[in-house]
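Here are the chains, one letter per residue:
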2 protein chains.
Amino acid sequence: MKVIINVFLKEGVLDPQGKAIHHALHSLGFSNVNDVRIGKQIVMHIDAIDSIDAEAKAIEMAETLLANTVIENYSIEIAI
Amino acid sequence: MKVIINVFLKEGVLDPQGKAIHHALHSLGFSNVNDVRIGKQIVMHIDAIDSIDAEAKAIEMAETLLANTVIENYSIEIAI
């Protein structure tokens, strides 16, 4: 089962990589761009019985390893 | 208009970050995980007339700055 975990910095946490890309886009003439934020997207295949099982495993992985929940949020998508 | 650009290494291109996470997950006991790959997700707001205009701008940004199209693919989602 294909599982996608998106990890993002929480609102209010400074995102220097996003700021850098925002600045670079402005320099290239894309002046109509705002609020650029960068996250990680982790795509994996999990052997699971069903999507509920896969989601439970993905949450456990996100909490223990993939996201730093002090400063990051995560979302999980299950694509069968 | 909220635009999400996902940038991924192409199939066949070595993904050491994905391999490292795969290994770490196995060490933590998540043995039923395979094919871990890591990408960037860039979220931004674009001032655009409509979603077609926003997508055209996002493609231009991805081609010129956000993705290295030699080794990376990208996908674009428009969320109004």
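Refer to the structure printed above.
Before going into details, it helps to say that this report is about the structure given with it. Model, not experiment: these values are computed from the prediction.

**A closer look at helix α2 (residues 51-66) of chain B**
Part 1 of the reasoning: The first and last C-alpha atoms of α2(B) sit only 19 Å apart over 16 residues, clearly below the 22 Å expected at 1.5 Å per residue.
Part 2 of the reasoning: Those residues of α2(B) that sit buried are Asp53(B), Ala54(B), Lys57(B), Ala58(B), Met61(B), Ala62(B) and Leu66(B).
Part 3 of the reasoning: Among the structural elements, α1 (16-27) and β2 (33-46) of chain A together with β1 (2-9), β2 (33-46) and β3 (72-79) of chain B are those in contact with the buried residues of α2(B).

**Examining the layout of surface pockets**
Part 1 of the reasoning: Each pocket or cavity is described by its volume, and for the largest pocket that value is around 470 Å³.
Part 2 of the reasoning: Going through the elements one at a time, β1 (2-9) and β2 of chain A together with β1, α1 (16-27), β2 and β3 of chain B are the ones with two or more residues in the lining of the largest pocket.
Part 3 of the reasoning: Grouping the constituent residues of the lining of the largest pocket by class yields seven nonpolar, seven polar and seven charged.

**Regarding the interface of chain A and chain B**
Part 1 of the reasoning: Opposite the 29 residues of chain A that make contact, chain B presents 29 residues.
Part 2 of the reasoning: For the pair chain A and chain B, the summed buried surface comes to about 2,500 Å²; carbon and sulfur atoms form 63% of the total.
Part 3 of the reasoning: Area buried by chain A at its contact with chain B is led by Phe30(A), Asn32(A) and Gln41(A), which between them contribute 23% of it.
Part 4 of the reasoning: The tally of links between chain A and chain B comes to zero salt bridges.
Part 5 of the reasoning: For the pair chain A and chain B, the interface holds eight residue pairs in polar contact (both at pLDDT 80 or more).
Part 6 of the reasoning: Among the secondary structure elements, those contributing two or more residues to the side of chain A that touches chain B are β1, α1, β2 and α2 (51-66) of chain A.
Part 7 of the reasoning: A total of 14 residues in the side of chain A that touches chain B trace back to one element, the largest contributor, which is β2(A).
Part 8 of the reasoning: Looking at the side of chain A that touches chain B residue by residue, the class counts come to 16 nonpolar, seven polar and six charged.

**Describing the relation of the copies chain A and chain B**
Part 1 of the reasoning: Mapping chain A onto chain B calls for a rotation angle of 180° and an axial translation of 0.0 Å; the resulting RMSD is 0.0 Å. In short, the pair behaves as if placed about a two-fold rotation axis. Closest approach to the rotation axis within chain A is made by the C-alpha atom of Lys40(A), at a distance of 2.4 Å.
Part 2 of the reasoning: Most of the interface of chain A is mirrored in chain B, where 100% of its interface residues are also at the interface.

**Things to note about α1(B)**
Part 1 of the reasoning: Taking 1.5 Å per residue, 12 residues should reach 16 Å; α1(B) reaches 16 Å between its end C-alpha atoms and fits that length.
Part 2 of the reasoning: Within α1(B) the residues assigned to the buried category are Gly18(B), Ile21(B) and Leu25(B). Down the axis of α1(B), the buried side of the element spans an arc of 65°, and every buried residue falls inside it. Of the exposed residues in α1(B), the ones pointing more than 90 degrees away from its buried face are Pro16(B), Lys19(B), His23(B) and Ser27(B).
Part 3 of the reasoning: Elements that come into contact with the buried residues of α1(B) comprise β2 and α2 of chain A together with β2 of chain B.
Part 4 of the reasoning: Following α1(B) by one or two positions, Gly29(B) adopts a phi angle in the positive range, close to 100°.

Rules behind the numbers
- Residues numbered from 1 in each chain as written.
- Chains lettered and ligands numbered in written order.
- Predicted model: local features only at pLDDT ≥ 70, side-chain atom pairs only at ≥ 80, totals over all residues.
- Heavy atoms only, no water.
- Helix = DSSP H or I, 4+ residues; strand = E, 2+ residues; numbered from the N terminus.
- Expected span 1.5 Å × (residues − 1).
- Buried < 20%, exposed > 50% of the residue type's maximum accessible area, 1.4 Å probe, protein only.
- Contact = heavy atoms within 4.5 Å.
- 1 Å grid on protein atoms, 1.4 Å probe; cavity = no way out; pocket = protein on both sides within 12 Å on 5 of 7 lines; lining within 4 Å.
- Points joined across faces, edges and corners; volume = space filled by probe spheres on them.
- Nonpolar A, V, L, I, M, F, W, Y, C, P; charged D, E, K, R; others polar.
- Buried area = accessible area lost by both parts, 1.4 Å probe.
- Salt bridge = Lys/Arg side-chain N within 4 Å of Asp/Glu carboxyl O.
- Polar contact = N/O pair within 3.5 Å; in protein donor to acceptor, adjacent residues only side chain to side chain.
- Least-squares fit on C-alpha atoms with pLDDT ≥ 70 in both.
- Arc of directions from axis to C-beta.

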